[in-house]
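Listed below, chain by chain, are the residues.
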Amino acid sequence: MKNKFISKHFRFTAEDDAELKKKAKAACISEAALVRMLIHGYEPKSKPDGFNECVHQLAKLGANVGQLLAKANSLNFIDTPTLISLNNSIQTLISDMTEVYINPERVNKDGSNKTVGS
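Everything numeric here is computed off the predicted structure, so don't read it as measured data. (Residues numbered from 1 in each chain as written. Predicted model: local features only at pLDDT ≥ 70, side-chain atom pairs only at ≥ 80, totals over all residues. Heavy atoms only, no water.)

Participant: Help me out: how do you make sense of the environment of Thr13 in this one?
Facilitator: Within the secondary structure, Thr13 sits in the segment before α1 (14–27). Under the relative-accessibility criterion, Thr13 is labelled partly exposed at 40%. At 3.0 Å, the side chain of Thr13 and the backbone nitrogen of Asp16 are in polar contact. (Helix = DSSP H or I, 4+ residues; strand = E, 2+ residues; numbered from the N terminus. Buried < 20%, exposed > 50% of the residue type's maximum accessible area, 1.4 Å probe, protein only. Polar contact = N/O pair within 3.5 Å; in protein donor to acceptor, adjacent residues only side chain to side chain.)

Shown next as structure tokens:
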């Protein structure tokens, strides 16, 4: 069975509309997605300056390490376990950065925040 979507129409002041657009853009999600998150008790995080560049550089490092691992494994002359460990560390770092900087937080009734998955 397909999900049926219900269309809701809201009226905002110019200031509220600007704030909604600003917060949605900061979280890199649509305005509708932002409203849905807030309804379910989550507060999205905005990405800090330079975050995308940092993740991009880490991803490039991970790709380079992956290429080194493939070559080392085929030629059997580099310490493969160490390189595998390094690659795993990079992937863990990317995952941790995503958890800290991007994943939304659930807002508790007392106003405190709890990260999703904690």
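There is more to say after this.
Participant: Quick question: what am I supposed to make of the packing of helix α3 (residues 51–75) against helix α4 (residues 80–101) here?
Facilitator: Packed helix pairs are specified by the crossing angle of their axes together with the interaxial distance, meaning the distance between the axes. The geometry of α3 relative to α4 is characterised by a closest axis approach of 9 Å and an angle of 160° between their N-to-C directions. The orientation of α3 with respect to α4, classified from their angle, is roughly antiparallel. Once α3 is placed against α4, the crossing between them reads as left-handed. Here α3 contributes Phe51, Cys54, Val55, Leu58, Ala59, Leu61, Gly62, Val65, Leu68, Leu69, Ala72 and Asn73 to the contact with α4, which in turn contributes Thr80, Leu83, Ile84, Leu86, Asn87, Ile90, Gln91, Leu93, Ile94, Met97 and Tyr101. (Axes fitted to C-alpha atoms, helices over the stretch in contact; angles between N-to-C directions. Parallel < 35°, antiparallel > 145°, perpendicular 65-115°, else oblique. Left-handed = near helix turned anticlockwise from the far one by under 90°. Contact = heavy atoms within 4.5 Å.)

Participant: Would you explain the nonpolar core in this entry?
Facilitator: Most often, soluble globular proteins have nonpolar side chains that are buried together. Core analysis: the largest hydrophobic core is formed by 9 residues, namely Phe51, Leu58, Val65, Leu69, Ala72, Leu83, Ile90, Ile94 and Met97. Elements that contribute at least two residues to this core include exactly α3 and α4. With residues near it in sequence (within four places) discarded, Ile94 still touches Leu58 and Ala59. (Core = buried A, V, L, I, M, F, W, Y, C linked by side-chain atoms within 4.5 Å.)

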